[in-house]
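Residue strings, one per chain:
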Amino acid sequence: MNNVFGLDIGTRNVVGTVGYQTDDKEFVVTAQYVKEHETRAMLDGQIHDIGRVAKTIKEVKDELEKQTGQPLEEVCIAAAGRVLKTVTTHVEYEYAQESVVTGEDVHTLNLLGIEKAQEALKEVNDTSYKFYCVGYSTVKFFLNDEVFISLEGHKANKIGEDIIVTFLPEDVVDGLYAAVGQAGLSVANMTLEPIAAINVAIPENYRMLNIALVDVGAGTSDISITRDGSIIAYGMIPHAGDELTEVIVQHFLVDFNMAESIKLQSTTSDTVTYKDIMSIEHTIPAQDVWEVAAPVVDNIAQEVSAKIRELNGDKTVSACFVVGGGGKIHGFTEKLAEDLDLPEERVALRGEEVLGDVTFEQEDIKKDPLLVTPIGICLNYYDQRNNFIMVRFNGERIKLYDNNRLTIVDAALQAGFPNDELFPKRGTPINFTVNGVARLVRGEAGEGAVVTMNGKPASINTPLEPNSEIVIEPSTAGEAAVYKISQLDEYNHSVITFVINGRRVSCPRFVQVNGRLEPEDYSIKENDVIETRNYYTVRQIAQFMDLVIDTDQMIFVNNEEADLDTLVYENFSVEWKTDEYGVARIDNNTYNDTQESDTDADTNDASALAEPDANSTESDNTESDNTVTRTSEQMMNQVLDELHDDFTKEAEASAVPENKLPENELPKNDIQEEDSSKNTITVIVNGESVELSGKDTYIFVDIFTHISFDLQAGKGRAIATVINGRDAQFSEELHEGDQIELYWKEN
């Protein structure tokens, strides 16, 4: 059989137990030994003098080796301390497909719960302590979201559990490991003292009841609560048997060891014999000791009952079991029953009756409450293996909770090594928006961290080896992101189309950055707001087409009078007259977009867009007879030549002699004062009579000032202008009784 060595390293005693568990779950104790600390090397469950505690542990180890005839190298231990933290959490594991739950799956689920609890504790830890897991208990199991007592062997798509995980400060755990190590032992398993005690004192078939277990030791009183079949809470208070001993020291004028003897005698005999520091021997009734200890007993009972109520949702329990040597003091259980509002028979010491499944091969051992925790420590070995391993990380020794799947990245995180120095870092990204849509351009990837373990190359996913030497050289960052306007799809493949004198012209969209025009080689910066402008001005269209507009003639945008700075949107129609073609008379170097605040930016952008091969796209082939496109300088020149011929013919056909121009087209210094002799005519527009007055003559465009017609409702459609059944120009003269039709053409 494989013996398990358990040590209960208490504030007053070190209790060593060696034994094994049979197939029937019976625990057989093959050897046991109790040794008191020679001095007060521990206080409140925490080691203060590691060397002296190690000496006591070594003596217990040596004695047990004599009893068993076997060397003892590994030991199971339990921790206690006044700064105990508990975290209750829920964790789930989902299978890729329905599977049979194995013991390993349950173990993995426990480890996931512990890790989740550790993360939760880190978030709320408001102390300077660094906490380590020292034990855990499952509150409830879940199989496909339904509560189950046990998972192993069932088929499931998903398993889960509510788990309560306990933590103690680093110095408590370190002290235990150091003392055990100096005694020539290594830790095989560590748990929490109340967990060890409850596994023996309250069997699973009792845990449906709301019961409290109090383990009153020398330095701490450890508390566990059960309900609905589970352990629901753990707690500790730093009040226990040593406080009783200290009051006896003061009252009877004895040293600490003699006071311990007096306390023990008072629980087993009617009289107590002792020697004081003057070497005078006294014999007194045990009742004298009870009376001296009574105030302290009352205080401990009150503290314990208050903690029980706190852990149990501010209410009392149904019953309370007491174990541990400190709980045997006279009057403690009675006072605890009073404070818990329970009958005295519902608060009782547990000892021999809870050790029914424990067999002692040594006949002289008496079953006692003092033995509950040491045996529970051994039994816990079979249920949980939650020891730690030590490694050296970048020169610093660290301790990690061993979940049997630790890797180098776990050591790095435990040591506080920055995450961003583990993995390749990209250069600084650029965040910006294009037409209101967020964009991100990532920087170049850098080099990953250089990892070695024991001088050999490794990766962050290499499994950890105990006592290994790990060195990580931080990763490096790549080059920062660089992105230019010319790389935007919206710049390269987006055009805006206008209808110029009945022909479609496609132009590249202007790009605005933070409200100002920028050239194509502009490097986009963090948080830039980029917009492809959805309009040109009349001036910019002419600039793009290398046309010179006759500014002495009227310009119309969507049939409304306009000027060179009027905004022209997608599919708007523009009517103008030109006086020559070829090189534009609008000088690129002095070009100014009055819609923009930055003159230089507009000038550069307009110049760039006027390049013959820049960013124009071909229009639909079905409109090739009616469409102006621009793909290269040669094609543009050819198109311009063709346009020259067409526009010249149209201009000649629609021209009005200067002496017959309507008033609004006369040179400014020739405009006459309006008088009452102006001509008045009536025309029919879309079936309704419209009277035109105030001028000598009228042209088609004048009707827009006398009727309601929404020029912004085109939505990409061209406007139909008809006089007496034939297409008409906007500058065509109107006569009395003309039948006019005005509507949007359907595409």
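On a predicted model such as this, the values are computed, not experimentally measured, just so you know. (Residues numbered from 1 in each chain as written. Predicted model: local features only at pLDDT ≥ 70, side-chain atom pairs only at ≥ 80, totals over all residues. Heavy atoms only, no water.)

Concerning the environment of Glu 732
Move 1: Note that Glu 732 resides in the loop between strand E44 (726–727) and strand E45 (733–734).
Move 2: Between the C-alpha atoms of Glu 732 and Tyr 698, which are 34 residues apart in sequence, the distance is 8.4 Å.
Move 3: Excluding its chain neighbours within four sequence positions, the residues that come into contact with Glu 732 are Tyr 698, Ile 699, Phe 700, Ile 723 and Arg 726. (Helix = DSSP H or I, 4+ residues; strand = E, 2+ residues; numbered from the N terminus. Contact = heavy atoms within 4.5 Å.)

Re a nonpolar patch on the surface
Move 1: On the surface, Leu 253, Ile 277, Met 278 and Ile 280 cluster together into a nonpolar patch covering about 410 Å² of accessible area.
Move 2: Inspection of the secondary structure assignment puts Leu 253 in the loop between helix H5 (241–252) and helix H6 (256–268).
Move 3: With relative accessibility at 44%, the residue Leu 253 sits in the partly exposed group. (Patch = residues over 30% accessible without salt bridge, like charges linked within 9 Å, V, L, I, M, F, W, Y side chains within 5 Å. Areas by Shrake-Rupley, 256 points an atom, 1.4 Å probe, with all protein chains shown as cover. Salt bridge = Lys/Arg side-chain N within 4 Å of Asp/Glu carboxyl O. Buried < 20%, exposed > 50% of the residue type's maximum accessible area, 1.4 Å probe, protein only.)

Observations regarding the pairing of strand E31 (residues 529–532)
Move 1: Along E31, the buried face is formed by Ile 530 and Thr 532; none of Val 529 and Glu 531, which line the opposite face, is buried.
Move 2: Two strands pair when backbone bridges link them, and strand E22 (residues 430–434) and E31 are joined in this way by 2 bridges, in the parallel orientation. For Val 434, the partnering residue across the bridge sits in E31 and is Ile 530.
Move 3: Where strand E29 (residues 511–513) and E31 come together, 3 bridges link them in antiparallel fashion. Opposite Val 513, over in E31, you have Ile 530 as the bridge partner. (Pairing = 2+ DSSP bridges.)

Description of a negative patch on the surface
Move 1: The grouping of Asp 23, Asp 24, Glu 26 and Asp 357 at the surface amounts to a negative patch.
Move 2: Among the secondary structure elements, Glu 26 is positioned in the loop between strand E2 (13–21) and strand E3 (27–36). (Lys, Arg positive; Asp, Glu negative; His and termini not counted. Charge placed at Lys NZ, Arg CZ, Asp CG, Glu CD.)

A word on the nonpolar core
Move 1: If you look at the biggest cluster of nonpolar residues, it comprises 65 residues, and the most contacted ones within it are Leu 7, Ile 9, Ile 57, Ile 77, Met 190 and Ile 375.
Move 2: With residues up to four places along the chain from it excluded, the contact list for Ile 57 reads Leu 7, Ile 9, Val 14, Ala 179, Val 180, Ala 183 and Leu 185. (Core = buried A, V, L, I, M, F, W, Y, C linked by side-chain atoms within 4.5 Å.)

Comments concerning the sheet that holds strand E6 (residues 74–79)
Move 1: Taken in spatial order, the 6 strands make up an open sheet running E11-E6-E1-E2-E3-E19, and their pairing is mixed. One side of each edge strand has no neighbouring strand; the edge strands of this open sheet are strand E11 (186–192) and strand E19 (358–360). The sheet shows a mean angle of 30° between the axes of neighbouring strands, direction not considered.
Move 2: As paired strands, E2 and E3 are joined by 9 bridges and run antiparallel to one another. Opposite Asn 13, over in E3, you have Glu 36 as the bridge partner. (Axes fitted to C-alpha atoms, helices over the stretch in contact; angles between N-to-C directions.)

Topic: unusual backbone geometry
Move 1: Even without a glycine there, the phi angle at Asn 394 is positive, about 45°.
Move 2: For Asn 394, the position within the fold is in the loop between strand E20 (388–393) and strand E21 (396–401).
Move 3: Since its relative accessible area comes to 36%, Asn 394 is described here as partly exposed.
Move 4: One non-glycine residue with positive phi stands out, namely Asn 724, at about 50°.

Structural notes on the side chain of Asn 501
Move 1: With respect to the helices and strands, the residue Asn 501 is situated in the loop between strand E27 (495–500) and strand E28 (503–508).
Move 2: What makes Asn 501 buried here is its relative accessible area of 7%.
Move 3: Among the polar contacts listed, one links the side chain of Asn 501 to the backbone nitrogen of Trp 576, at a separation of 3.0 Å. (Polar contact = N/O pair within 3.5 Å; in protein donor to acceptor, adjacent residues only side chain to side chain.)

Points about H5
Move 1: Along its 12 residues, H5 runs 17 Å from first to last C-alpha, staying within 8% of the 16 Å computed at 1.5 Å per residue.
Move 2: Where H5 is buried, its residues contact strand E12 (211–216), H6, strand E15 (271–275), strand E16 (281–285) and helix H7 (286–311).
Move 3: Following H5 by one or two positions, Leu 253 has its phi on the positive side, about 55°. (Expected span 1.5 Å × (residues − 1).)

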